[in-house]
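# Residue-level structure breakdown
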Amino acid sequence: MTTTSESDLSTRGATRLLPSTDPVRLLDEQGRRTGDDDRYPAPSDTDLLEMYRRMVVGRRFDVQATALTKQGRLAVYPSARGQEACQVSAVMAVRDDDWVFPTYRESMALVARGIDPVQVLTLLRGDWHCGYDPVATRTAPQCTPLATQTVHAAGLAYGESLQGRDTVAVAFIGDGATSEGDFHEAVNFAAVFKAPVVFLVQNNRYAISVPLAKQTAAPSLAYKGVGYGVESEQVDGNDPVAMLAVMRRAVEHARSGHGPFLVEAHTYRMDAHTNADDPTRYRDAAEVEAWAGRDPLTRLEAYLRSAGVLDDAGAEAVRAQAESFAADLRTRMNTDPDLDPLELFEHVYATPTTQLLEQREQVRAEMEAEPDAEGTAEEDHR
Amino acid sequence: MSTTFAKALNTALRDAMSEDERVLVLGEDVGRLGGVFRVTDGLMDQFGEKRCFDTPLAEAGIVGFAVGLAMSGMRPVVEMQFDAFAYPAFEQITSHVAKLRNRTRGAVGMPIVVRVPFAGGIGGVEHHSDSSEAYYAHTPGLKVVTPATVEDAYSLLREAIADPDPVVFMEPKRLYWSSADVELPAAAPPFGQAVVRRRGNDVTLVAYGPTVPVAIEAAEAAREEGWDVEVVDLRTVVPFDDETVLASVRRTGRCVVLQEAQGFAGVGAEIAARVQERAFHSLHAPVLRVSGFDIPYPAPKLEHVHLPDVDRVLDAVARLQWDDEPDTRWTRGLDGHGLTGAGLGGVA
Ligand SMILES: Cc1ncc(C[n+]2csc(CCOP(=O)(O)OP(=O)(O)O)c2C)c(N)n1
């Protein structure tokens with residue numbers, strides 16, 4: 001017979017898990033340092049300058065990708081403009097051999113990670129595969145079914161620790177997707193197995209059209225970790241200094257064997273959910289205007305100038321770099337991808353089944369019979 | 001030495017774990033308890049809690065976690081406690097386990113085995129006897145395997161664990177306690193190869209998993225009525241062995257497909273279609289299906305009504321005495337005989 005002891009019922013230690021009552025902020029909206037937070041040492045100015053560079057390039061990439069949808073070069077693009085601090089800090093906080101588990105909205109993070117932008121946009125341009133090699137880049141395919149990748153991150157992180165490696169996994173997730181069961185299962189699994197995962201919730205206020213208040217009644221999404229025994233924090237997602245500081249601590253926490261960490265970044269999606277969305281139906285211009293005043297790039301630039309590490313020439317050099325990045329992307333996206341229909345049958349199984357070989361043969365024969373099938377179809381259309 | 005089906009599975013896991021450190025077993029109650037069917041019995045003791053462990057109660061979590069484990073280089077074997085409790089994991093299975101190889105253009109394989117105790121005949125209460133193989137077989141990227149003999153329980157599970165692709169390994173619950181004189185490790189033909197369990201010249205009876213013993217029994221009984229029935233055990237539904245099935249049907253000229261699952265849109269429908277597409281001129285009669293009814297799996301006291309038995313198979317075999325006045329005979333013959341009418345289209 002077991003009895004429940006006093007200590008079994010105690011919730012001592014729970015406060016350690018609780019997020020700050022207000023989001024951590026190290027830069028105010030004008031880009032002035034707000035003083036220090038002992039738990040989150042501010043990154044060096046050199047790191048912040050590098051962060052600035054990646055954010056400027058990231059935004060230029062994002063604007064370019066949005067333009068490419070208008071030109072019909074991309075089937076769809078979910079913009080992350082306004083969320084630069086979240087996306088860039090996450091990939092700057094990890095090592096090259098750490099893994100990231102992105103969603104469709106993390107294209108900018110992947111570019112900041114150094115993945116070729118054309119590869120990042122492969123899927124969105126209408127190709128059938130994720131574009132990059134996940135193993136070589138330590139980056140899972142951008143995930144569309146909401147929250148499902150968070151469980152993969154937990155499993156991978158645990159698998160790495162079983163094999164004696166100190167790899168950390170960062171799982172990105174939006175505010176809406178925190179309602180999905182998989183997210184809760186992932187946080188719980190990671191906690192139970194002390195898997196080194198950082199869950200980064202980018203609370204950009206909307207899940208397509210649905211505002212946060214209709215998604216959850218919790219005071220903050222950061223509280224979602226506490227019930228699972230996971231240390232959690234909320235941070236101003238438009239404050240690049242705080243974002244990098246908090247993400248670094250979260251990664252360090254995970255890497256040093258303390259289990260998962262959950263970060264809620266309060267940010268805002270400046271553009272539509274995707275080009276297919278009409279945000280004027282569900283949010284008003286004043287709201288967008290107010291968030292424009294908290295722009296993470298303006299804030300960081302103001303800080304770097306005041307700290308004397310960035311001047312006009314430096315800013316101009318970064319802008320020029322971003323422009324040439326965009327120009328190169330435009331040129332390379334100017335052609336249709338070269339797709340081989342026969343390859344579709346090759347990666348269903350390691351070795352195709354008899355049935356797949358038969359089907360591939362059928363397509364090959366069809367292609368041979370009508371080598372100019374596409375041209376013919378277009379003519380019919382006219 | 002007599003070995004049970006469950007013991008063969010247990011030995012397969014044990015041998016695979018001994019040979020390859022990357023093999024992990026996870027699921028609900030697989031550790032201390034050894035699984036509700038004891039298939040993982042003793043594995044935690046032998047290999048430790050890092051190799052065989054209990055997870056929180058969350059099926060999507062279990063399978064999604066296995067996806068991450070596989071990405072880190074492990075070879076997870078996952079136990080779903082019962083067929084109908086695998087449904088919460090269906091999304092992970094179809095969207096990720098089945099597709100990651102494809103989505104990554106071959107860079108990330110998913111060497112995961114999802115073990116599913118399935119089908120009925122053990123008097124289970126609701127949600128404990130579903131035949132869910134068609135859901136998985138309908139998903140490109142998955143292999144679907146269902147052993148019916150003790151040798152196959154061992155050899156197919158070993159092969160499933162060694163396979164570079166994900167395998168949904170469907171264990172017929174009612175066979176767990178069946179046994180045979182088998183020395184393990186047992187060797188058997190590989191995935192994608194059906195096996196003729198009983199030779200015959202008049203009718204090909206195609207079965208898999210839980211219905212294989214029924215098919216063999218029916219074939220024996222049919223001999224008394226003058227029918228020489230050949231029984232083909234698919235062993236793997238995916239990959240499907242067209243060759244063995246078609247060679248048999250071309251020889252016998254008649255085909256009955258037997259499955260325990262509900263008939264509509266099931267695996268039997270696929271087999272019947274393939275046979276008539278490819279062996280039409282060899283057929284003396286339409287391909288018939290004998291299956292469970294299109295109802296949720298019934299309560300224990302009524303499962304005998306649902307489960308296709310020897311009599312129902314014999315009725316189907318008798319109906320294959322095709323003559324030149326098919327339509328009337330056909331329609332008449334269907335009444336009350338538990339044959340699946342679903343595939344008959346306008347005829348019935
Ligand atoms: C399981 C699932 N349900 C629905 C969708 C369709 N969908 C795509 S994005 C989205 C909203 C997600 O919002 P949030 O998690 O806040 O992320 P955000 O797009 O704002 O970054 C929905 C409903 C989906 N992709 N997956």
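Residues numbered from 1 in each chain as written. Chains lettered and ligands numbered in written order. Predicted model: local features only at pLDDT ≥ 70, side-chain atom pairs only at ≥ 80, totals over all residues. Heavy atoms only, no water.

Turning our eyes to something else, we now look at the overall build of chain A. Secondary structure summary: chain A contains 16 helices and seven strands in total. Taken over C-alpha atoms, the radius of gyration comes to 23 Å for chain A, in line with the 21 Å a tight globule of 382 residues would show. In terms of overall dimensions, chain A has C-alpha extents of about 80 × 70 × 40 Å along its principal axes. Within the span of chain A, comprising 382 residues, buried residues form 53% of the whole. The long-range fraction of contacts in chain A, counting pairs at least 24 apart against all pairs at least 6 apart in sequence, stands at 75%. Carbon and sulfur atoms make up 50% of the accessible area of chain A, which totals about 16,800 Å². Looking at charge distribution, chain A has the averaged site of its 38 positive side-chain charges lying 5 Å from that of its 60 negative ones. (Helix = DSSP H or I, 4+ residues; strand = E, 2+ residues; numbered from the N terminus. Rg over C-alpha atoms; globule rule 2.2 N^0.38 Å. Buried < 20%, exposed > 50% of the residue type's maximum accessible area, 1.4 Å probe, protein only. Contact = heavy atoms within 4.5 Å. Areas by Shrake-Rupley, 256 points an atom, 1.4 Å probe, with all protein chains shown as cover. Lys, Arg positive; Asp, Glu negative; His and termini not counted. Charge placed at Lys NZ, Arg CZ, Asp CG, Glu CD.)

Bringing helix α9 (residues 242–252) of chain B into the picture now. Those residues of α9 of chain B not exposed but buried are Asp 242, Val 245, Leu 246, Ser 248, Val 249 and Thr 252 of chain B. One face of α9 of chain B carries all of its buried residues, which in axial projection span an arc of 160°. Check the buried side of α9 of chain B and you find it contacts α15 (354–369) of chain A together with β10 (203–207), β11 (229–233), β13 (255–262) and α10 (267–278) of chain B. Regarding α9 of chain B, its N-cap is Asp 241 of chain B, as a side-chain oxygen of that residue lies 3.1 Å from the backbone nitrogen of Glu 243 of chain B further along. (Arc of directions from axis to C-beta. Polar contact = N/O pair within 3.5 Å; in protein donor to acceptor, adjacent residues only side chain to side chain.)

For the rest of this paragraph, the subject is the interface of chain B and chain A. Taken residue by residue, the interface counts 45 residues in chain B and 41 residues in chain A. Taking both sides of the interface into account, the surface hidden between chain B and chain A amounts to around 3,300 Å²; carbon and sulfur atoms contribute 64%. When the buried surface of chain B facing chain A is broken down by residue, Phe 65, Arg 103 and Arg 105 of chain B rank first, second and third, together holding 20% of it. Our enumeration of links across chain B and chain A arrives at two salt bridges. For Arg 278 of chain B, the salt bridge is made with Glu 358 of chain A, and the minimal N-O distance between the two is 3.4 Å. Across the chain B-chain A interface, the total number found is 18 residue pairs in polar contact (both at pLDDT 80 or more). (Buried area = accessible area lost by both parts, 1.4 Å probe. Salt bridge = Lys/Arg side-chain N within 4 Å of Asp/Glu carboxyl O.)

In this section: the pairing of strand β14 (residues 288–292) of chain B. Residue and element names in this part refer to chain B. For β14, a buried count of five out of five residues is recorded, marking the element as mostly surrounded by other parts of the structure. Across four bridges, β13 lies against β14 in parallel orientation. Looking at β14, one finds that Val 257 is bridged to Arg 289. After leaving β13, the chain enters α10 and then returns to the sheet as β14, a path that is right-handed. (Pairing = 2+ DSSP bridges. Right-handed = clockwise from strand over helix to strand, strands pointing away.)

Within soluble globular proteins, side chains that are nonpolar generally end up buried alongside one another. Core analysis: the largest hydrophobic core is formed by 87 residues, its most contacted members being Phe 101 and Val 197 of chain A together with Phe 65, Met 71, Met 80 and Val 275 of chain B. The element contributing the most residues to this core is helix α3 (residues 59–71) of chain B, with eight residues. One finds Leu 48, Ile 115, Phe 172 and Tyr 303 of chain A within the second-largest nonpolar core, a separate group that totals 64 residues. (Core = buried A, V, L, I, M, F, W, Y, C linked by side-chain atoms within 4.5 Å.)

So, on to the side chain of Asp 236 of chain A. Residue and element names in this part refer to chain A. Summarising the element assignment, Asp 236 is placed in strand β6 (residues 231–236). Polar side-chain contacts of Asp 236 include one of 2.9 Å to the side chain of Arg 25. Asp 236 has contacts with Pro 23, Val 24, Arg 25, Met 243, His 266 and Arg 299, leaving out every residue within four places of it along the chain.

Our next topic: the side chain of Asp 62 of chain A. Residue and element names in this part refer to chain A. Relative to the elements of secondary structure, Asp 62 occurs in helix α3 (residues 45–70). Here Tyr 77 takes part through its side chain, which lies 2.6 Å from a polar atom of the side chain of Asp 62. A polar side-chain atom of Asp 62 sits 2.6 Å from a polar atom in the side chain of Ser 79. Once residues within four sequence positions are removed from consideration, Asp 62 is found in contact with Tyr 77, Ser 79, Ala 80, Arg 81, Met 108 and Asp 271.

What follows is about the layout of surface pockets. Of the volumes computed, that of the largest pocket is approximately 710 Å³. Ala 137, His 138, Val 238, Glu 270 and Arg 274 of chain B are the residues nearest the centre of the largest pocket, which is lined by 26 residues in total. Looking at the lining of the largest pocket, the elements with two or more residues in it are α15 of chain A together with α6 (133–137), β12 (236–238) and α10 of chain B. Per element, the largest residue contribution to the lining of the largest pocket is seven residues, and it comes from α10 of chain B. In terms of residue class, the lining of the largest pocket is made up of 16 nonpolar, six polar and four charged. (1 Å grid on protein atoms, 1.4 Å probe; cavity = no way out; pocket = protein on both sides within 12 Å on 5 of 7 lines; lining within 4 Å. Points joined across faces, edges and corners; volume = space filled by probe spheres on them. Nonpolar A, V, L, I, M, F, W, Y, C, P; charged D, E, K, R; others polar.)

Taken as a whole, this structure holds one cavity of 30 Å³ or more when the rule is applied. Looking at the largest cavity, its volume works out to about 50 Å³. Residue lining of the largest cavity: Phe 101, Ala 140, Pro 141, Cys 143, Gln 149 and His 152 of chain A together with Met 71, His 96, Leu 100 and Arg 103 of chain B, and that is the complete set. Taken together, the elements giving at least two residues each to the lining of the largest cavity come down to α8 (148–162) of chain A together with α5 (100–103) of chain B. The residue inventory of the lining of the largest cavity, partitioned by class, reads six nonpolar, three polar and one charged.

The next thing to look at is the pairing of strand β5 (residues 113–118) of chain B. Residue and element names in this part refer to chain B. Counting buried residues along β5, six of its six residues qualify, which places the element largely inside the surrounding structure. Residues Val 113, Arg 115 and Pro 117 point to one face of β5 and Val 114, Val 116 and Phe 118 to the other, with burial holding for every one of them. As judged from the three bridges shared by strand β4 (residues 75–79) and β5, these two strands associate in the parallel manner. From the neighbouring strand, Val 78 faces β5, where its bridge partner is Val 114.

The next thing to look at is helix α7 (residues 150–162) of chain B. With 13 residues, α7 of chain B should cover 18 Å at 1.5 Å per step; its first-to-last C-alpha distance of 19 Å lies within 8% of that length. The element α7 of chain B is extensively covered by neighbouring structure, given that 10 of its 13 residues are classed as buried. (Expected span 1.5 Å × (residues − 1).)

Predicted confidence across chain A gives a mean pLDDT of 94, with 94% of residues reaching 70 or more. Residue range residues 375–382 of chain A is modelled with pLDDT below 50. Its contacts to residues more than four positions away, or to other chains, number zero contacts. (pLDDT = per-residue confidence, 0-100.)

This part covers the pattern of salt bridges. Once their charged atoms are close, side chains differing in charge can pair, the charge on each being opposite to the other. Residue and element names in this part refer to chain A. Taken as a whole, this structure holds 54 salt bridges over all chains when the rule is applied. One salt bridge connects Arg 332 with Asp 116, and the closest N-O pair in it is separated by 2.6 Å. Residue Arg 332 is located in helix α14 (residues 312–332), and its partner Asp 116 is located in the loop between α5 (107–112) and α6 (117–120); the two are separated by 216 residues in the primary sequence. Residue Arg 332 is classed as partly exposed on the basis of its relative accessible area, which comes to 33%. With a closest N to O distance of 3.7 Å, Arg 319 and Glu 316 form a salt bridge. Here Arg 319 and its partner Glu 316 are both found in helix α14, three residues apart, which amounts to about one turn of the helix.

On to the site of the ligand, then. Residues and elements named next belong to chain A. The local shell around the ligand holds 15 residues, among which Tyr 104, Arg 105, Thr 144, Gly 176 and Ala 177 are the closest. The separation between a nitrogen atom of the ligand and a polar main-chain atom of Thr 144 is 2.9 Å. One of the side-chain N or O atoms of Asp 175 is found 3.0 Å from an oxygen atom in the ligand. A total of 580 Å² of accessible area belongs to the ligand in isolation, and the protein chains cover 72% of it. (Near = heavy atom within 4 Å.)

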